[in-house]
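Understanding the architecture of this molecule
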Amino acid sequence: EDDYNLWRMPPGSPNEAPYEREFLESNTIGVGWGRIGDEIVKKRMTKDQTKELFRKKYPPKGNDKNSPQAFTNFTHVIESKDIIVLIKKKTIVDFAIVVGPYRYEKNPSIDLPENNKSYSHRRDVVWLNQGPIPESDLLFNLSRMSTCDRVTSAKKQRYIEILLGEESESRN
């Protein structure tokens with residue numbers, strides 16, 4: 001029964017959502033960390049090797065809690081059949097099913113200058129066209145999240161109920 005994970009992800013940084021439209025139109029989801037290129041794929045890096053690369057490219061600074069966890073979740077832990085909940089500010093933009101492996105896709109038409117904010121780390125998905133659903137329509141609050149958060153047990157069930165139209169003020 002539990003042969004998939006559910007992940008919450010934003011379409012860009014918390015204050016902006018520059019990739020929302022591009023993700024939805026291209027049937028992909030992506031993460032940044034543009035200083036990391038295609039070496040993960042080319043060298044077939046393990047999760048531990050990827051964490052080490054992340055720490056080299058993004059060393060912690062002071063109270064910065066920049067952790068490789070979200071990045072390696074995206075590159076190594078997410079699998080086909082997992083569900084992505086795309087959340088922008090206090091709104092569920094849409095749900096998607098992951099249909100492809102992690103890949104690196106350098107695309108100048110979507111990358112921001114200097115590749116520091118590139119979203120070249122991608123996975124193919126199928127968007128389910130269930131959004132937008134504002135937090136005010138939900139029976140719970142959309143809590144703060146990192147770039148790629150795995151949702152566990154009870155919360156996972158609540159998101160599935162939303163996806164199926166079973167838990168929403170405006171849908172009842």
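Not measured: the values here are computed from a predicted model. (Residues numbered from 1 in each chain as written. Predicted model: local features only at pLDDT ≥ 70, side-chain atom pairs only at ≥ 80, totals over all residues. Heavy atoms only, no water.)

Further remarks concern the packing of aromatic side chains. Counted by the stated rule, this structure contains eight aromatic pairs. Plain terms: the ring middles of Trp33 and Phe54 are 5.5 Å apart, the flat faces sit at 75° to each other, and that makes the pair edge-to-face. A residue pair is termed long-range when its members are at least 10 positions apart, and Trp33 in the loop between strand 2 (28-31) and helix 2 (39-42) and Phe54 in helix 3 (residues 47-57) qualify at 21 residues. Judged by relative accessible area, Phe54 falls into the buried class, the value being 0%. An aromatic cluster is present here, built from Trp33, Phe54, Tyr58 and Phe71 joined pairwise through their rings. One Lys or Arg, Arg123, reaches over the ring of Phe74 and ends 5.7 Å from the middle of that ring. Between the NZ or CZ atom of Lys156 and the centre of the ring of Tyr4, over which it lies, the distance is 4.1 Å. (Phe/Tyr/Trp six-rings, centres within 6.5 Å; stacked < 30°, edge-to-face > 60°. Helix = DSSP H or I, 4+ residues; strand = E, 2+ residues; numbered from the N terminus. Buried < 20%, exposed > 50% of the residue type's maximum accessible area, 1.4 Å probe, protein only. Lys NZ or Arg CZ within 6 Å of the ring centre and 35° of its normal.)

Glancing now at the pairing of strand 3 (residues 83-88). For strand 3, the tally of buried residues reaches five of six residues, placing the bulk of the element in the interior. In the sheet, strand 1 (residues 6-9) pairs with strand 3 via four bridges, with the strands oriented parallel. Across the sheet, the residue bridging to Trp7 is Ile84, located in strand 3. Note that strand 3 and strand 4 (residues 91-98) share six bridges and pair antiparallel. Within strand 4, the position partnered with Val85 by the bridge is Phe95. Hairpin connection, strand 3 to strand 4: the antiparallel pair is bridged by two residues, and Lys89 has positive phi, about 55°. (Pairing = 2+ DSSP bridges.)

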